[in-house]
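Observations on chain architecture
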Amino acid sequence: MYRRNLALAGDLIARAQPRLVEQRSEPRHSDFVERAVITFRGQDHLVPVVNISSRGTMVESDIVPRIGESVAVQFEGCTRIQAFVRWIRDGRLGLNFGHEIVLG
C-alpha cells in the first residue's frame, strides 16, 4: 500500500463535490471586529478578522499551523480565548473557539 507523508500543515484537501447546502449553524459577522492578536507557537501576530461568529472566526495570516493545532485569540477589549485551527486556505485560517462566546 502506498502512503504519503501529509502533515496537514496547509495542504489543500480537495473536496470531491461542491457543497449543495449551507452547513453553517449560525451567521457570520464581517463588520463586528477589525483585528485580533493570535498567539501562535509563543509569538503574537496582529491579524485582520474577516468574520466572526459565537463559535469561531476567519482571519487573514501568513502563519502556517497544522490542522487541529491550538492557538490563543484575543480581540480588543476581551480576554484571551483558546481556538483550534479547522482549515487553512489562501492566506486565511478558520479557527474554532474552545467554547462558545457571546457577541454583542
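Going by the structure above, here's the rest.
Rules of the game
- Residues numbered from 1 in each chain as written.
- Predicted model: local features only at pLDDT ≥ 70, side-chain atom pairs only at ≥ 80, totals over all residues.
- Heavy atoms only, no water.
- Helix = DSSP H or I, 4+ residues; strand = E, 2+ residues; numbered from the N terminus.
- Buried < 20%, exposed > 50% of the residue type's maximum accessible area, 1.4 Å probe, protein only.
- Phe/Tyr/Trp six-rings, centres within 6.5 Å; stacked < 30°, edge-to-face > 60°.
- Lys NZ or Arg CZ within 6 Å of the ring centre and 35° of its normal.
- Polar contact = N/O pair within 3.5 Å; in protein donor to acceptor, adjacent residues only side chain to side chain.
- Contact = heavy atoms within 4.5 Å.
- Salt bridge = Lys/Arg side-chain N within 4 Å of Asp/Glu carboxyl O.

1. As for the environment of Asn-96
Tracing the backbone shows Asn-96 in strand β6 (residues 92-97). Under the relative-accessibility criterion, Asn-96 is labelled partly exposed at 28%.

2. Remarks on the packing of aromatic side chains
Scanning the model with the defined rule gives one aromatic pair in all. With a centroid separation of 6.1 Å and an interplanar angle of 85°, the aromatic rings of Phe-75 and Phe-97 are classed as edge-to-face. Here Phe-75, found in strand β4 (residues 70-75), pairs with Phe-97, found in strand β6; they are 22 residues apart in sequence, far enough to count as distant. In this arrangement the basic side chain of Arg-89 is found over the ring face of Trp-87, its NZ or CZ atom lying 4.7 Å from the centre.

3. Remarks on the side chain of Thr-57
Locating Thr-57 in the fold gives a position in strand β3 (residues 56-60). Reaching out from Thr-57, the side chain makes a polar contact with the backbone oxygen of Asn-51 at a distance of 2.7 Å. Once residues within four sequence positions are removed from consideration, Thr-57 is found in contact with Val-49, Asn-51, Ile-52, Phe-75, Leu-93, Gly-94, Leu-95 and Phe-97.

4. Section: the pattern of salt bridges
A complete count under the given rule lists three salt bridges for this structure. Note that Arg-35 and Glu-34 form a salt bridge whose closest N and O atoms lie 3.6 Å from each other. Judged by relative accessible area, which is 40%, Arg-35 ranks as partly exposed. A relative accessible area of 64% places Glu-34 in the exposed class. Residue Glu-60 is joined to Arg-92 by a salt bridge in which the shortest nitrogen-to-oxygen separation is 3.1 Å.

5. Examining the side chain of Ser-61
Relative to the assigned elements, Ser-61 resides in the loop between β3 and β4. Among the polar contacts made by the side chain of Ser-61, one reaches the main-chain amide nitrogen of Ile-63 at a distance of 3.1 Å. Each residue touching Ser-61, except ones within four places of it in the same chain, is listed here: Val-47, Gly-91, Arg-92 and Leu-93.

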